[in-house]
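Per-entry structural report
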Amino acid sequence: MAPLAPFIALFLSFVLSVLASPFPAPTQVSQVVRAPLDARFARRQDAQPTFPDQPPSCPICEQNFGSIDSCAQAAPVLANFSMIIFNPGAFIDVIKCACADTFQSAYPQCVDCFTQTNQTQFLNSDNLPKVVEGLRNVCALESTLLGGVATADGEVTPTSSIAVPTATDASNGAASLTPAPSRKRGWVPGSVTNMYSAAKRRRMSFADEDNHDFITNTPEFEVAGKVNVADRFISAPQDNVIPLQTTPRTRRIAKIFGLADERILKYTDTNVEASTNSFLGRHRFNYHQLLKKPYKVPPTSAEAHLGARKQFVLALDGPGIPSDLFAYPISWSARNAIAVACGRDVYYQNLDTRDISHLFKLQMNRGKLITIEWAETAPNLLAAGTSSGDIQLWDTDGATQLRRWQEEAFVDVGGMSWYEKVLAVGLGDGVITLYDARQPDAIGRIESHKDKVHGLRWRHDGNYLASSDQQGVVQLWDARAGKSLDAGNRYRSKMKHNAPIKALAWCPWKPELLATGTMYPDGKIRIWNINTTPAAAPATHTIPLNTSVTSLLWSPHCKELLSTHGMSWQPRAGASESCPNLPSDVGPNSRARRMRDRERPASVKTVLTNSLTVHAYPSLRRVVSVPAHTGAVGHSCLSPDGTKVFTICPAEEAMKMWQVWGLAEAGERRESVFDKCTIR
């Protein structure tokens, strides 16, 4: 008998409520329950109701008449209360159907429509107001017993203001306007499951039993608890309020059917639509504008100089500039003198006095000038390298040649880099040779690269030397504590890229950062941290550009990186990371060549083509980009004060000077207490 106890209690409560309901003269419980759902809303088989345009309740009833009719046809399950015990699911389905939003809102509309159009034969009821009120009481009773099926005010807001019969107008059966009731609470199956297990009922706390009647009988308590706007500190109620006494099994079932949420606290109320009133939004925006500080461009940033002007400051001609983009035909000394390799001649100009001087002319059998580089600590020394492996050191003060070194293999010279009196030279066979301006012979030799060394850069403190080659391999060489530079003294593993690399730049204000720029077909800027980046790991930051990067320069005054560019392309379908060179045995009409041409990137013109671009670090935001030349920018160099940049274009045979950055404003030094005191 224990399992039947909940059903007996449900049966007795149901009978008592129905007997107390205002249905007209109930004699049998089954007849009373069926009245609002079946007998009193049964449709005749020999006729169909009509729905004119007036009154407005008829079109509304017509839309939902089919669902109401099907709900009434399901009502016979209430004729025999043994169905509640043997088929509780069907019983609950009928209650859900009768107390649903559609039935509760459309039933009064149909009553009003059929009454005003003299079609009461489809209602078969003599006292319509009591039918409506009895239907509400049934839903309120079942909501109380089943834990949230419906409420006493089970109707939803009508779609239009139409007359609904109420109990107060029972004398004439006329319709009167009723206010829209509150929102109907959603049905929760978790509480229904608890009624069928005595074991689960014993898990319920006594506090829940004591407060159950209070919470159920006061629907306005929950309505008052809802908030209309989301609060970031007060959690909104759940969409489906599951009673606290539900068992874990019930909660699992509710989660499967989407009736419960994993989260306990929710800071947005999904039941409340977004407010269309922008009054609060306007106040919030105005308050934000009051607190918002206007953006001030730093005086050292390129946005304040190059971004505002976007024009070069000075233009110079350079006839005979090397057409190779991997050449270094321009260099800027610490004395503010710019040197240029024009054909077989080297000229330099003092930008303070604008005096132009011819330094030397290369002999015919010495090849072509490829690279020139000023010494940083000795601004009167200029090194020049040729395509035949001839390296010359000149003193610009006396216009005399101090040293001349000749490579035995007669290979072309790649990149050059000075640190104090030591000159590192990259060669076409992958060898790096070290020379001292005070000695006639080489002082070191590194044989590690397998292809031409395009880039060489000493770090500002001279502890590391970075080198790059044609195959896209970057290597670091450790020169700390007087270590000899050789192939066995490499620092960390190789940094591999997918294209030749010429552009290398050490950061002056964060020495562990090294920036590398690749040519076609990779076109990316990578920033490496040599201290924290593990071996064989990718770069810390990557800027994909799909544009050849010919040179890189860090600003010494702000956290910005400048890059110069050549051609741009659009990657096609296929392998865009690498486009291998075509072998000599592949004919122009072969299928292999056609397939490779199909995979090659297509040349396009973008805002980065032949441009001078500045990037912010570490956000990698593009600060400014201006078209520098009509052709590819071959190389660039930084002024001694770190604010101006010279670019050179072999196609134009011209050079341009740009005001890129600015000097930091000198702030007033505050007087310290220690300035007034001296140590005796």
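The structure under discussion appears in the preceding block.
Just so it is clear, the model here is predicted, and its values are computed rather than measured.

It is worth spelling out the packing of aromatic side chains at this point. This structure, assessed with the given rule, holds 11 aromatic pairs. Centroid distance Phe-312 to Trp-658: 6.0 Å. Interplanar angle 80 degrees. Geometry classified as edge-to-face. Here the residue Phe-312 occupies a position in the loop between α14 (306–309) and β1 (314–317), and Trp-658 occupies one in strand β29 (residues 654–659), the gap between them amounting to 346 residues. The exposure class of Phe-312 is partly exposed, given its relative accessible area of 30%. When its relative accessible area of 2% is taken as the criterion, Trp-658 is described as buried. Site record: aromatic cluster; members linked through ring pairs are Trp-509, Trp-554 and Tyr-617. Here the guanidinium or amino end of Arg-459 rests over the ring plane of Trp-506, the centre of that ring lying 5.8 Å away.

Two modes of strand pairing occur in sheets, parallel and antiparallel, and in both the strands are linked by backbone hydrogen bonds. If you trace the four strands from one edge of the open sheet to the other, you get β2-β3-β4-β5, paired in antiparallel fashion. Among the strands making up the open sheet, the edge pair consists of β2 (330–332) and β5 (355–361). Here the average twist between neighbouring strands, direction ignored, is 20 degrees.

Attention now moves to the pairing of strand β14 (residues 453–458). The element β14 is extensively covered by neighbouring structure, given that five of its six residues are classed as buried. Where β14 lies against strand β15 (residues 464–469), five bridges are found, and the strand directions are antiparallel. Along β15, the bridge assignment pairs Leu-456 with Ser-467. Hairpin remark: β14 followed by β15, antiparallel, with five residues in the connecting loop; positive phi at Gly-462, about 75 degrees.

A full pass over the atoms with the stated rule returns two disulfides. In this model Cys-58 forms its disulfide with Cys-113; the gap between the sulfur atoms is 2.1 Å. Of note, the bridge from Cys-58 to Cys-113 carries an S-S torsion of about 100 degrees and is right-handed in sense. Of this pair, Cys-58 sits in helix α3 (residues 57–73) while Cys-113 is found in helix α6 (residues 101–116), placing the two residues 55 residues apart along the sequence. On the basis of relative accessible area, Cys-113 is assigned to the buried category, the value being 0%. Each sulfur of the disulfide joining Cys-61 and Cys-110 lies 1.9 Å from the other. As the torsion about the S-S bond is roughly 105 degrees, the Cys-61-Cys-110 disulfide counts as right-handed. In this pair, Cys-61 sits in helix α3 while Cys-110 sits in helix α6, placing the two residues 49 residues apart along the sequence. Classification of Cys-61 as buried rests on a relative accessible area of 0%.

Further remarks concern the sheet that holds β29. Taking strand neighbours across the sheet as the criterion, the four strands line up as β1-β29-β28-β27 in an open arrangement whose pairing is antiparallel. Looking at strand neighbours, the two that pair on one side only are β1 and β27 (635–638), the edges of this open sheet. Across the sheet, the mean angle from the axis of one strand to that of its neighbour is 20 degrees, orientation sign disregarded.

What follows covers the pairing of strand β21 (residues 541–544). Burial along β21 is one-sided: His-541 and Ile-543 are buried, and none of Thr-542 and Pro-544, which face the opposite way, are. As paired elements, strand β20 (residues 524–529) and β21 share four bridges and run antiparallel to each other. The residue of β21 that forms the bridge with Ile-525 is Ile-543.

Among the surface-exposed residues, Tyr-287, Leu-290 and Leu-291 lie close enough to one another that they form a single nonpolar patch of about 390 Å² accessible area. Checked against the element boundaries, Tyr-287 lands in helix α13 (residues 279–291).

Before going further, it helps to spend a moment on a positive patch on the surface. Side chains of Lys-450, Arg-490, Lys-494 and Lys-496 sit close together on the surface and give a patch of like positive charge. Its location among the elements puts Lys-494 in strand β17 (residues 490–496). With a relative accessible area of 30%, Lys-494 lands in the partly exposed category.

One pass over the structure, following the stated rule, counts 12 salt bridges. In this structure, the salt-bridge partner of Asp-345 is Lys-361, at a minimum N-O distance of 3.3 Å. Here Asp-345, found in strand β4 (residues 345–350), pairs with Lys-361, found in strand β5; they are 16 residues apart in sequence, far enough to count as distant. Residue classification places Lys-361 among the partly exposed residues on the basis of a relative accessible area of 49%. Salt-bridge contacts for Glu-407 lead to Arg-445; the nearest nitrogen and oxygen are separated by 3.9 Å. Of this pair, Glu-407 sits in the loop between β9 (400–406) and β10 (413–419) while Arg-445 is found in strand β13 (residues 442–447), placing the two residues 38 residues apart along the sequence.

Inspection of the secondary structure puts Arg-526 in strand β20. On the accessibility criterion, Arg-526 (10% relative accessible area) is buried. Separated by 2.8 Å, the side chains of Arg-526 and Asp-522 make a polar contact. Apart from residues lying up to four places away in sequence, Arg-526 is in contact with His-497, Asn-498, Leu-514, Ala-515, Thr-516, Thr-518, Ala-539, His-541 and Thr-542.

Cut-offs used in this document
- Residue numbers restart at each chain and count upward from 1, following the sequence in its written direction.
- Reporting of local features is limited, given that this is a predicted model, to residues whose pLDDT is at least 70; pairs of side-chain atoms are given and counted only at 80 or more, and all residues count toward the totals for whole chains, interfaces and linings.
- Values shown for side chains rest on all heavy atoms present in the structure; no hydrogens or waters enter the calculation.
- Under the pairing criterion, centres of Phe, Tyr and Trp rings, with the six-membered ring standing for Trp, must be within 6.5 Å; the plane angle then separates stacked pairs below 30 degrees from edge-to-face pairs above 60, leaving the rest tilted.
- Strands here are runs of E lasting at least two residues and helices are runs of H or I lasting at least four, both read from the DSSP assignment and numbered beginning at the N terminus.
- Under the scheme applied here, a residue whose accessible area is under 20% of the maximum for its type counts as buried, over 50% as exposed, and between as partly exposed, the area being computed with a 1.4 Å probe on protein chains only.
- A ring is scored as having a charge over it whenever the NZ atom of a lysine or the CZ atom of an arginine sits within 6 Å of its centre and within 35 degrees of its normal.
- At least two bridges found by DSSP between two strands is the condition for calling them paired.
- Between the N-to-C directions of two axes lies an angle of 0 to 180 degrees, each axis being a line fitted to C-alpha atoms and, for a helix, fitted only over the stretch in contact.
- Cysteine sulfurs are considered disulfide-paired once they come within 2.5 Å of each other.
- Note that patches include only residues with greater than 30% relative accessible area and no salt bridge, and the join distances are 9 Å for like charges and 5 Å for nonpolar side chains (Val, Leu, Ile, Met, Phe, Trp, Tyr).
- Computed by Shrake-Rupley with a 1.4 Å probe, the accessible areas treat only the displayed protein chains as cover when residues are assessed.
- By definition, a salt bridge exists where a carboxyl oxygen of Asp or Glu is found within 4 Å of a side-chain nitrogen of Lys or Arg.
- We treat Lys and Arg as the positive residues and Asp and Glu as the negative residues; His and chain ends play no part in the count.
- Just so you know, the charge point we use is NZ for Lys, CZ for Arg, CG for Asp and CD for Glu.
- Under the rule applied, a polar contact is a pair of N or O atoms within 3.5 Å (in protein, one hydrogen donor and one hydrogen acceptor; residues adjacent in sequence only if both atoms are side-chain atoms).
- Whether two residues touch is decided by their heavy atoms; if any such pair falls within 4.5 Å, the residues are in contact.

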